[in-house]
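Residue strings, one per chain:
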Protein chains: 2
Amino acid sequence: MSVASSNPLPASSGPRERETSSSSADRLDLAGYLEECRGLAVEEIRGFIPRGSAVRPILYDLMLDYPLRGAKGLRPALCIAACRALGGRLHSALRTAAVIELYHNAFLIHDDVEDGSDKRRDAPTLHRLHGAPQAINVGDAMLALALQPLLDNMRDLGVGTALEVLQIVARMARESAEGQAIELAWIARGAYDLRDRDYVRMVHKKTGWYTFIAPTIAGATIAGADRSLLRRLGRFAAMVGIGFQIQDDVLNLTGAESRTGKEAMGDIWEGKYTLMLLHLLRIAGPEEQRLLRRILGKRRPPSPSATPGAHGSSSDHAAEVLDRLRATLAEKVARALIAPETASEILRSAEEPDRDRYRTEDDVHEVFALMRHHGSVDHARSVAGLYARRARRELDQLHRDIAPSVHRDFLAALVDYVVQRDR
Amino acid sequence: MSVASSNPLPASSGPRERETSSSSADRLDLAGYLEECRGLAVEEIRGFIPRGSAVRPILYDLMLDYPLRGAKGLRPALCIAACRALGGRLHSALRTAAVIELYHNAFLIHDDVEDGSDKRRDAPTLHRLHGAPQAINVGDAMLALALQPLLDNMRDLGVGTALEVLQIVARMARESAEGQAIELAWIARGAYDLRDRDYVRMVHKKTGWYTFIAPTIAGATIAGADRSLLRRLGRFAAMVGIGFQIQDDVLNLTGAESRTGKEAMGDIWEGKYTLMLLHLLRIAGPEEQRLLRRILGKRRPPSPSATPGAHGSSSDHAAEVLDRLRATLAEKVARALIAPETASEILRSAEEPDRDRYRTEDDVHEVFALMRHHGSVDHARSVAGLYARRARRELDQLHRDIAPSVHRDFLAALVDYVVQRDR
């Protein structure tokens, strides 16, 4: 596997860098590499939108909302780095990198609706801004728009390679939906009997495939990698992916909201099955078990709807019931049919989220304190470290087949990044 | 364009019929043809599910729910009939017919979530049975599973034809999302200024493309039709599609719930933009205009949530507020802090959907009465008839290039069916 020297793009230390055969470890700027790839992918995504489309303002502009919010750019960077590290050209990988980024953002939009999340990348989620109907449809439009560029790949990559990329993307979409189904089924049945390997299998499917495996092996496929190399790169990416997701969950608990751009401890509010929660459920004493089951048996409190438009969602119905109740009580008090303090009590009891039904701030902190006490966060960090080491070992083997370059350095740096990052 | 005589499938008067060159108008059984094609497509869809998948019960079984409920089977029948009428083989069209049926059902699941619909084909909608999160994800899984069979087409149809089919499906998914975005934007801004041609453009994209145009031209493409024939078949399918959708809207108003399998007058409850509503908004007098705007400015009343599982949606929050209010009021009455009749009044005012906010049964009947009075339903029927006549003219021209067969008869019979059906 040799490194191509025919790259026509200008030299830099980023993904556009002209390849040399010397090591360039000292020149890698990880943040810059990620940011440059993200920018390239976003520009490419703009090009997917049909020219002169009359529905641009009501559909395609919404489609660009999440991509423009400034993500990490992991997926396009991995796809580009894998392709370039194996001697492929930036131009060849760019379209596929952008398609995977588009899929990623479509999944995020649908996941946010499914989880009822309020924030994404420091701003309200798309369904909070435009309503769940538009958000679901925008996600569908993104999945629809992703097809044409994959067909256009035939022109530049040849039919065989373009088809292999299509197969990877088809598998990626399937794995992701399967992983999501597993997680939703756990939530629906209130599962308490999960092992670490159940978690690993779920995140491998739900996020590992589309965040790490698909971009890496698609990039390598475009560069012409053989089956053996693809298999080993796939293993490397799978290990990094599991480490990354565990770290993501750890950051959700311990990271500041301002850094992660997500709701602090949102995972505990949601009752999300993380490695920390599974560990805690295994290790907690009988008394703590009862407490945990009581808290996890509750629901996340409903948040007020921000859906605009003439057709409100049913989620603001409760707010309207309370509005009517307030008006009626005021009228009864004015007519001296009811004492003001009785009216207040009635209103308060209707307003107050039922402590037996909805998780409270105290519940969330209780769960977090137990995790800290039992070392669940340390356990999760150590499992993330284990997967990072496995990824590192896999990459060390791969170094025999991949010549030194800033792109290879990017892959290596990523292993440390995913478990050491703080956002 | 000659009719193939090499079809290896057993003879019948349905889509499997062995072709002859004689006309077979007397042998067409429209309902049987549709049903046979639907059955074939459902069997094919079963084959798309990965073998031995561990997530079958929590994902893929839900995927089969809508297809198994017994639809009309229009899309697979059109795809198969177009292919066979032009001399193609059933086997060649079947996979594509099933993919389009899969897309259709994925769109239905997402549409039902977006519209907050309660019923589909005589049973609760998927999100009412399993919650919106699972329903959205099942739709995504169906879109993901649709890719592989389209790639498998390469083996049987050759790369060129398989790619053309992929292009058609990509365009179909895009048109459908664009049409849905147009409709959702009308709802969000409470549009009152729409012309019949705005409606025609919207339904052409939202349902015409994936229900009629894509199945027809995909089937014809598989049979090897040339560009000119594809263009004319596409025009035919577009005309039928518009007539069909108008008739669908008419049936929603005038058809019995037991026949359509949908909620009676659900479109008026939803405030859906139909040709009848547009006509009424144009023709109503100033007094009626004010009444209509008041009714359309309201929302559909929220329906109680049927979402199972530990994590309830926020839509049942209102029910819980009312439960708490009932308990508190009962307690205050028991302690003689409030008169029973005052308590009843408070509860009733909180329970009763605000007449200024939610559409009532009376509102819906008022709109329907105005439509009848102003001949809006007749107007819609006459526009549907106009498109059916255009489709018929297009087909008469096409008859010069398409030899007589039961499949050609099916296409012809469909024109009458779409505007004359009662379900």
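Structural data are supplied above this passage.
Residues numbered from 1 in each chain as written. Chains lettered and ligands numbered in written order. Predicted model: local features only at pLDDT ≥ 70, side-chain atom pairs only at ≥ 80, totals over all residues. Heavy atoms only, no water.

## Regarding the overall build of chain A
Part 1: When helices and strands are tallied, chain A shows 20 helices and two strands.
Part 2: Across the 423 residues of chain A, 60% fall into the buried class.
Part 3: Restricting to contacts in chain A with at least 6 residues of sequence separation, those with at least 24 account for 75%.
Part 4: When the accessible surface of chain A is split by element, carbon and sulfur atoms take 49% of a total near 16100 Å². (Helix = DSSP H or I, 4+ residues; strand = E, 2+ residues; numbered from the N terminus. Buried < 20%, exposed > 50% of the residue type's maximum accessible area, 1.4 Å probe, protein only. Contact = heavy atoms within 4.5 Å. Areas by Shrake-Rupley, 256 points an atom, 1.4 Å probe, with all protein chains shown as cover.)

## Digging into the pattern of salt bridges
Part 1: Evaluation of the coordinates by the stated rule reveals 62 salt bridges over all chains.
Part 2: For D152(B), the salt bridge is made with R155(B), and the minimal N-O distance between the two is 3.9 Å. Of this pair, D152(B) and R155(B) both sit in helix α8 (residues 147-157), separated by three residues, roughly a single helical turn.
Part 3: Where salt bridges share partners, they join R171(A), R174(A), E175(A), E178(A) and K205(A) into one cluster. (Salt bridge = Lys/Arg side-chain N within 4 Å of Asp/Glu carboxyl O.)

## Comments concerning the relation of the copies chain B and chain A
Part 1: By a simple turn and slide, chain B fits onto chain A: the slide is 0.0 Å along the axis, the RMSD is 0.1 Å, and the turn is 180°. On the angle and the small slide along the axis, the relation comes out as a two-fold axis.
Part 2: Comparing interface residues between copies, 99% of those in chain B also lie at the interface in chain A; the contact surface is shared. (Least-squares fit on C-alpha atoms with pLDDT ≥ 70 in both.)

## Side note on the environment of C37(B)
All names here are of chain B.
Part 1: Following the sequence through the fold, C37 ends up in helix α1 (residues 30-48).
Part 2: Taking the C-alpha atoms as reference points, C37 and L163, separated by 126 residues in sequence, lie 24 Å from one another.
Part 3: Beyond its immediate chain neighbours, meaning those up to four positions away, C37 contacts P15, P76, A77 and I80.

## Some points on the packing of helix α11 (residues 227-254) of chain A against helix α20 (residues 406-420) of chain A
Residue and element names in this part refer to chain A.
Part 1: One way to put it is that α11 packs onto α20 with a least axis distance of 8 Å and a crossing angle of 25°. Considering the angle they form, α11 stands roughly parallel to α20. As α11 packs across α20, the resulting crossing turns out to be left-handed. Along its contact with α11, which presents F236, V240, G243, F244 and Q247, the element α20 presents L411, V415, V418, V419 and Q420. (Axes fitted to C-alpha atoms, helices over the stretch in contact; angles between N-to-C directions. Parallel < 35°, antiparallel > 145°, perpendicular 65-115°, else oblique. Left-handed = near helix turned anticlockwise from the far one by under 90°.)

## Brief notes about the interface of chain B and chain A
Part 1: On the chain A side, the residues contacting the 77 residues of chain B number 76 residues.
Part 2: For the interface between chain B and chain A, the tally reads two salt bridges.
Part 3: Its salt-bridge partner being K332(A), residue E345(B) comes within 2.3 Å of it at the nearest N-O pair.
Part 4: At the junction of chain B with chain A, the criterion picks out 16 residue pairs in polar contact (both at pLDDT 80 or more).
Part 5: Counting only elements with at least two residues in the side of chain B that touches chain A, the list comes to α2 (56-63), α5 (90-115), α7 (132-145), α8, α9 (159-189), α16 (317-334) and α17 (340-351) of chain B.
Part 6: Broken down by element, the residue count for the side of chain B that touches chain A peaks at 16 residues, all from α9(B).
Part 7: In terms of residue class, the side of chain B that touches chain A is built from 42 nonpolar, 17 polar and 18 charged. (Polar contact = N/O pair within 3.5 Å; in protein donor to acceptor, adjacent residues only side chain to side chain. Nonpolar A, V, L, I, M, F, W, Y, C, P; charged D, E, K, R; others polar.)

## Digging into the packing of aromatic side chains
Given two aromatic rings, one states the distance between the centres and the angle between the planes to describe the pair.
Part 1: Inspection of every chain in the model, using the stated rule, returns 10 aromatic pairs over all chains.
Part 2: Note on Y33(B) and F410(B): the rings are 4.5 Å apart at their centroids and 20° apart in plane angle, and the pair reads as stacked. Of this pair, Y33(B) sits in helix α1 while F410(B) sits in helix α20 (residues 406-420), and the two are 377 residues apart along the sequence.
Part 3: The rings of Y103(A), F107(A) and Y210(A) are connected pair by pair, giving a single aromatic cluster.
Part 4: Sitting over the ring of Y387(A), R390(A) keeps its end group 4.9 Å from the ring centre.
Part 5: When the ring centre of Y192(B) is taken as reference, the NZ or CZ atom of R293(B) above it lies at 4.3 Å. (Phe/Tyr/Trp six-rings, centres within 6.5 Å; stacked < 30°, edge-to-face > 60°. Lys NZ or Arg CZ within 6 Å of the ring centre and 35° of its normal.)

## A word on the environment of A319(A)
Residue and element names in this part refer to chain A.
Part 1: You can see A319 is positioned in helix α16 (residues 317-334).
Part 2: Looking at A319, the relative accessible area reads 40%, which means it is partly exposed.
Part 3: For the pair A319 and D422, spaced 103 residues apart in sequence, the C-alpha to C-alpha distance is 37 Å.

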